[in-house]
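Geometric and topological summary
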Amino acid sequence: MIVKPKIRGFICATSHPEGCRQNVLEQIKYIKKNSSVSTGPKKVLIIGASTGYGLASRITAAFGYGAKTIGIFFEKEASDQRTASAGWYNSAAFEEAAIAEGLYAKSINGDAFSNEIKQQTIDLIKNDWDGEVDLVIYSLASPRRVHPETGEDLRSVLKTLGNTYTNKTVNISSGEVSEITVEPANEEETRQTEAVMGGEDWAMWIDALSKARLLADHVKTVAYTYIGPELTYPVYREGTIGKAKLHLEKTAREIGTRLKHTGGHAYISVNKALVTQASAAIPVVPLYISLLYKVMKAKGLHEGCIEQIQRLYADFLYSTDELLTDKNGLIRLDDKEMRLDVQKTVADLWKKVNTENLSDISDISGYRHEFSKLFGFEVDGVDYGKEINIFVSLPSKRQ
Ligand code: NAD
């Protein structure tokens, strides 16, 4: 099949297997070049391992530290009608590269919120690993969760809390800058968003692993959050998603207390705003990212998921120095994004940006390029005119 992008709003309905493979190889290359293997994780469980920050966390553990990895994700295999999802192709490419280097890599594709997938993971660890997990990365981004105890179908919304909020936004395809009004969520929407994107499921994973005696002494677990500048506060930090993230932060403290007696730690890492499938769906944020990329690239400060996660492991989680957090106990990988000079320039550009000057003063072309790359398109060296087999299996599942 010749695979072409089919972009609909903030998703792309097709993915290119070879482009996705090259993206993964590029990240592996970066990690190999930039890690000097020292003490690091050895047996790592990554929940949300197929794209974005979770994929980068898996690549860093495996290729930076030689760790065995189990990745959990929710992706689609190819069918006669459509390609597989990008995360499926990414994971197949990751496993292929890891296995070729003699690294253990297996994946479980299914709903991480369910009891069944937690049990499958526990069974796999018990069966395959002689020893316990020493790092658990929690990197889910989902619009929906079926609660495993009550069966309730919960939905997350990206709304404000309290008041309507109007600000600029961009239509990524057309380049039109317009105003968008984000409505406030009601109590029920707020509760459901917290149940999907808060910390309850992370705590359930840690409890299940702990009960099965699969957590090593001194285990570390990390979940990711975003804070960002004041201009996105109403839709992010002070909106429904921000409330869910506060719950995630509270959960980190609770998990940390429970792990203390074995020397374990639970961390929240505040990561930089980046083009991923999850962030593309948030109103206002893609325009902010387009301006931010322009400013950070000009100052030589730009980083993608892999650069951020390489720093997380090397400078924080596995640094020989004491782990530095901010006054709220958060790891700050967003330090360069939040630099005063960066934020001042972005804020000035924000006031000026409109449809006419978008291409000049923002990095909208960089945003579009990164968005296409998420699905394996516009990747250097890939011949998009060539027929390609879209049916790719996960190497660990091949008999
Ligand atoms: P992403 O969309 O790239 O990845 C989400 C992952 O979750 C994928 O592996 C997907 O398969 C998996 N997933 C979703 N629902 C699932 C389910 N039910 N069962 C199993 N797996 C499921 O997202 P991302 O941007 O990398 O976000 C990961 C985390 O990082 C989130 O907590 C997000 O808030 C945080 N974060 C993102 C940004 C950003 O700008 N993208 C910035 C800071 C923090």
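Quick caveat: nothing in here was measured; it's all calculated off a predicted structure.

A short note on the packing of helix α1 (residues 17–34) against helix α3 (residues 86–100)
As a packed pair, α1 and α3 sit with axes 8 Å apart at the nearest point and diverge in direction by 50°. The angle between the axes of α1 and α3 places the two elements in the oblique class. Regarding α1 and α3, the two cross each other, and that crossing is right-handed. Judged by residue contacts, Pro17, Cys20, Arg21, Val24, Leu25 and Ile28 of α1 engage Ala86, Tyr89, Asn90, Ala93, Phe94, Glu96 and Ala97 from α3. When its residues are assigned to classes, the contact of α1 with α3 shows 10 nonpolar, one polar and two charged.

Some remarks on the site of the ligand
Every one of the 30 residues lining the ligand counts as a neighbour, but Ser50, Ala112, Lys245, Leu274 and Thr276 are closest to it. Tyrosine 224 has a polar backbone atom sitting 3.4 Å from an oxygen atom of the ligand. Within the backbone of leucine 274, an N or O atom sits 2.8 Å from an oxygen atom of the ligand. Burial of the ligand by the surrounding chains reaches 93%, relative to a free accessible area of 840 Å². Looking at the shell around the ligand, the elements that each hand over two or more residues are α2 (52–65) and β11 (215–225).

Concerning the pairing of β11
Within β11, nine of the 11 residues are buried, leaving the element largely enclosed by the surrounding structure. Here strand β6 (residues 133–138) pairs with β11 via five bridges, running parallel. If you follow leucine 135 over to β11, its bridge partner there is lysine 220. In the sheet, β11 pairs with strand β12 (residues 265–270) via six bridges, with the strands oriented parallel.

Side note on the packing of α2 against helix α9 (residues 305–317)
Axis separation between α2 and α9 bottoms out at 9 Å; the angle between their running directions is 55°. With respect to α9, the axis of α2 lies oblique. By crossing handedness, the relation of α2 to α9 is classed as right-handed. Along its contact with α2, which presents Gly52, Tyr53, Ala56, Ser57, Ile59, Thr60, Ala61 and Tyr65, the element α9 presents Cys305, Ile306, Gln308, Ile309, Gln310, Tyr313 and Ala314. Split by residue class, the contact of α2 with α9 holds 10 nonpolar, five polar and no charged.

Quick word on the nonpolar core
Residues Ile59, Phe63, Tyr288, Leu312, Tyr313 and Leu317 are the most contacted members of the largest nonpolar core, which totals 96 residues. In contact with leucine 312, not counting residues within four places along its chain, are Tyr224, Ser269, Leu317, Ile331 and Leu333.

Description of the sheet that holds strand β3 (residues 43–47)
Ordered by their spatial adjacency, seven strands build an open sheet running β5-β4-β3-β6-β11-β12-β13, and the pairing between neighbours is parallel. Among the strands making up the open sheet, the edge pair consists of β5 (105–109) and β13 (331–332). Across the sheet, helix α7 (residues 240–259) lies against β11 and β12, angled at about 170° from β11, the strand it touches most.

Conventions we followed
Residues numbered from 1 in each chain as written. Predicted model: local features only at pLDDT ≥ 70, side-chain atom pairs only at ≥ 80, totals over all residues. Heavy atoms only, no water. Axes fitted to C-alpha atoms, helices over the stretch in contact; angles between N-to-C directions. Helix = DSSP H or I, 4+ residues; strand = E, 2+ residues; numbered from the N terminus. Parallel < 35°, antiparallel > 145°, perpendicular 65-115°, else oblique. Left-handed = near helix turned anticlockwise from the far one by under 90°. Contact = heavy atoms within 4.5 Å. Nonpolar A, V, L, I, M, F, W, Y, C, P; charged D, E, K, R; others polar. Near = heavy atom within 4 Å. Polar contact = N/O pair within 3.5 Å; in protein donor to acceptor, adjacent residues only side chain to side chain. Areas by Shrake-Rupley, 256 points an atom, 1.4 Å probe, with all protein chains shown as cover. Buried < 20%, exposed > 50% of the residue type's maximum accessible area, 1.4 Å probe, protein only. Pairing = 2+ DSSP bridges. Core = buried A, V, L, I, M, F, W, Y, C linked by side-chain atoms within 4.5 Å.

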